[in-house]
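The residues making up each chain are set out below.
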Amino acid sequence: MKIVIPGGTGQVGAVLKRALADAGHKVVVLTRHARHEGEVQWDGRTLGPWAAEVDGSDVVINLAGRSVSCRYTAANLQEMMDSRVDSTRVVGAAIAGAARPPRVWLQMSTATVYSHRFDAPNDEATGVIGGTEPCVPNYWAYSVEIAKAWEQAQQQAETPATRKVALRSAMVMSPDPGGVFAVLLGLARLGLGGPVAGGAQYVSWIHEHDFVRAVEFLIDREDITGPVNLAASHPLPQRAFMRALRSAWGVPVGLPATKWMAELGAFALRTDTELLLKSRRVVPGRLVQAGFDFQYAHWPQAADELVFRVRERGGRGSVPRRR
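No experiment lies behind these values; they were computed from the predicted model shown. (Residues numbered from 1 in each chain as written. Predicted model: local features only at pLDDT ≥ 70, side-chain atom pairs only at ≥ 80, totals over all residues. Heavy atoms only, no water.)

Some details on the nonpolar core
Counting residues in hydrophobic clusters, the biggest one holds 35 residues, and the most contacted among them are Ile 61, Leu 218 and Leu 230. Going through the elements one at a time, strand E1 (2-6), helix H1 (11-22), strand E2 (26-31), strand E4 (59-62), strand E5 (104-108), strand E6 (163-169), helix H6 (208-220) and strand E10 (226-230) are the ones with two or more residues in this core. If one sorts the elements of this core by residue count, H6 sits on top with seven residues. Contact partners of Leu 230, with chain neighbours within four places excluded, come to Leu 167, Arg 168, Ser 169, Ala 170, Ile 206, Phe 211, Ala 214, Val 215, Leu 218 and Leu 287. One finds Val 203, Leu 245, Ala 248 and Leu 306 within the second-largest nonpolar core, a separate group that totals 23 residues. (Core = buried A, V, L, I, M, F, W, Y, C linked by side-chain atoms within 4.5 Å. Buried < 20%, exposed > 50% of the residue type's maximum accessible area, 1.4 Å probe, protein only. Helix = DSSP H or I, 4+ residues; strand = E, 2+ residues; numbered from the N terminus. Contact = heavy atoms within 4.5 Å.)

Written as structure tokens, this is what we have:
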């Protein structure tokens, strides 16, 4: 198959490109700075010569959007919104204008669309969309609005010949440098991987191998459209999540952090506390109902495998994934 990945130069894009290319597919990445073979330049906003790559392709997987690893200033939040909505609209326009449109369009979304909650998990059928929770920062609601607008841009695209799926993804865990797992493992190795603000907030995650397998599963399943949660079946409280990660590396103690300490650390890392403090209790209802089988459903097992690969490869790459 020919698979086009707009915005495919980040961590998740690298995971997908590597796995799909290894599986024998032709992968084309659309990027603002095309430097390597298989990369084609686009601006993420307007139609251009890049649209020829979409015409005749089999699958489009749109990952484009400004990184959330930043300070959530008004300007950055607006850029997150614009980059996601604009790129989704122009991908939809390219598909709509194609003489031979792709059969499926997988559009990245986010598990952040769900409510900050502790009482019950969020699946696609019964999950609570966020934005109205009491006692949370106002800008958390704007993050939900970004997610909703992102999905709406795909829904509104006039692409009747192309099936559309929105990937409400949790954090994708891979040993690649610069990814979220590398950051969390770095904290654990320094003895800083303890509970944050009590650690009761849930962490939703998915192992990179299951993320790729889920993408392949959704490409093949012609009966699935709309939002799909890409998250392992067993989210867990942050304190338990970090305890398992420390255990995998062999660090006995992780210093706890209060909310203000987390805010100070996030400021120093030029990121935001929402990534640490929001309770994302998300489960993969539709994937499980459709018969998808997770290889890494439990975090301790996943953490052990990821740590093993970090030790073996120094976090510089990925070993072939298991099927």
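Describing the packing of aromatic side chains
All told, the structure shown has six aromatic pairs when counted by the stated rule. Note on Phe 292 and Phe 294: the rings are 4.9 Å apart at their centroids and 90 degrees apart in plane angle, and the pair reads as edge-to-face. For the pair Phe 292 and Phe 294, a shared accessibility class is recorded, and that class is buried. In textbook terms, an aromatic cluster arises when at least three aromatic residues are bridged by ring pairs, as seen for Phe 181, Trp 205, Phe 241 and Trp 299. Geometry around Trp 150 places Arg 84 over its ring, the cationic atom sitting 4.7 Å from the centre. The lysine or arginine in question, Arg 311, covers the ring of Trp 249, its NZ or CZ lying 3.8 Å from the ring centre. (Phe/Tyr/Trp six-rings, centres within 6.5 Å; stacked < 30°, edge-to-face > 60°. Lys NZ or Arg CZ within 6 Å of the ring centre and 35° of its normal.)

Digging into helix H7 (residues 238-249)
Under the 1.5 Å per step criterion, the end-to-end length of H7 is 17 Å for twelve residues, consistent within 8% with the ideal 16 Å. In this structure, the buried side of H7 is in contact with strand E7 (171-173), helix H5 (180-189), strand E8 (202-203), strand E9 (205-207), strand E11 (236-237) and helix H11 (299-313). (Expected span 1.5 Å × (residues − 1).)

A look at the side chain of Ser 109
Examined against the element boundaries, Ser 109 turns out to sit in the loop between E5 and helix H4 (138-156). Within the local environment of Ser 109, its side chain forms a polar contact with the side chain of Glu 151, the two groups lying 2.7 Å apart. Those residues in contact with Ser 109 that sit more than four places away from it in its chain are Ala 147, Trp 150, Glu 151, Ala 166, Leu 167, Arg 168 and Ser 169. (Polar contact = N/O pair within 3.5 Å; in protein donor to acceptor, adjacent residues only side chain to side chain.)

Describing the packing of helix H3 (residues 74-96) against H4
As a packed pair, H3 and H4 sit with axes 8 Å apart at the nearest point and diverge in direction by 10 degrees. In terms of orientation, H3 and H4 fall into the roughly parallel class. Packed against H3, whose contacting residues are Leu 77, Gln 78, Met 80, Met 81, Arg 84, Val 85, Thr 88 and Arg 89, the element H4 presents Tyr 139, Tyr 142, Ser 143, Glu 145, Ile 146, Ala 149, Trp 150, Ala 153 and Gln 154 at the interface. Looking at the contact of H3 with H4 residue by residue, the class counts come to ten nonpolar, four polar and three charged. (Axes fitted to C-alpha atoms, helices over the stretch in contact; angles between N-to-C directions. Parallel < 35°, antiparallel > 145°, perpendicular 65-115°, else oblique. Nonpolar A, V, L, I, M, F, W, Y, C, P; charged D, E, K, R; others polar.)

Things to note about the confidence of the model for the protein
When pLDDT is averaged along the protein, the result is 91; 93% of the residues meet or exceed 70. For the stretch residues 315-323, pLDDT sits under 50, and the model shows 30 contacts to residues farther than four places along the chain or on other chains. (pLDDT = per-residue confidence, 0-100.)

Focus on H11
The first and last C-alpha atoms of H11 sit 21 Å apart over 15 residues, in line with the 21 Å expected at 1.5 Å per residue. Restricting attention to buried positions, one finds in H11 the residues Trp 299, Ala 302, Ala 303, Glu 305, Leu 306, Val 307, Arg 309 and Val 310. In the core, the buried residues of H11 are packed alongside E7, H5, E9, H6, E11 and H7.

Let's talk about the packing of H1 against H6
Direction vectors running N to C along H1 and H6 enclose 65 degrees, while the axes themselves pass 10 Å from each other. One element, H1, and the other, H6, form an angle in the roughly perpendicular class. Crossing angle aside, the handedness with which H1 passes H6 is right-handed. Judged by residue contacts, Val 12, Val 15, Leu 16, Arg 18, Ala 19 and Leu 20 of H1 engage Glu 208, Phe 211, Val 212, Val 215 and Glu 216 from H6. Residues of the contact of H1 with H6, tallied by class, amount to eight nonpolar, no polar and three charged. (Left-handed = near helix turned anticlockwise from the far one by under 90°.)

Considerations on the pairing of E2
Counting buried residues along E2, five of its six residues qualify, which places the element largely inside the surrounding structure. Here E1 pairs with E2 via five bridges, running parallel. Following the sheet pairing, Pro 6 is matched in E2 by Leu 30. Chirality of the crossover, the property in question, places the unit of E1, H1 and E2 among those that are right-handed. Relative to strand E3 (residues 39-41), E2 is paired through three bridges, and the arrangement is parallel. Bridged to Thr 31 within E3 is Gln 41. (Pairing = 2+ DSSP bridges. Right-handed = clockwise from strand over helix to strand, strands pointing away.)

Examining the environment of His 207
Within the element layout of this structure, His 207 appears in strand E9. Between the C-alpha atom of His 207 and that of Phe 294, which follows or precedes it by 87 residues, the distance is 9.2 Å. With residues up to four places along the chain from it excluded, the contact list for His 207 reads Met 173, Tyr 296, Ala 302, Glu 305, Leu 306 and Arg 309. For His 207, the side chain forms a polar contact with the main-chain nitrogen of His 209, separated by 3.0 Å.

Thoughts on the sheet that holds E10
The strand order across the open sheet built from seven strands is E3-E2-E1-E4-E5-E6-E10, with neighbouring strands paired in parallel fashion. Across the chains shown, the open sheet's two edge strands, defined by having one partner strand only, are E3 and E10. For this sheet the average axis-to-axis angle between neighbouring strands, irrespective of direction, equals 25 degrees.

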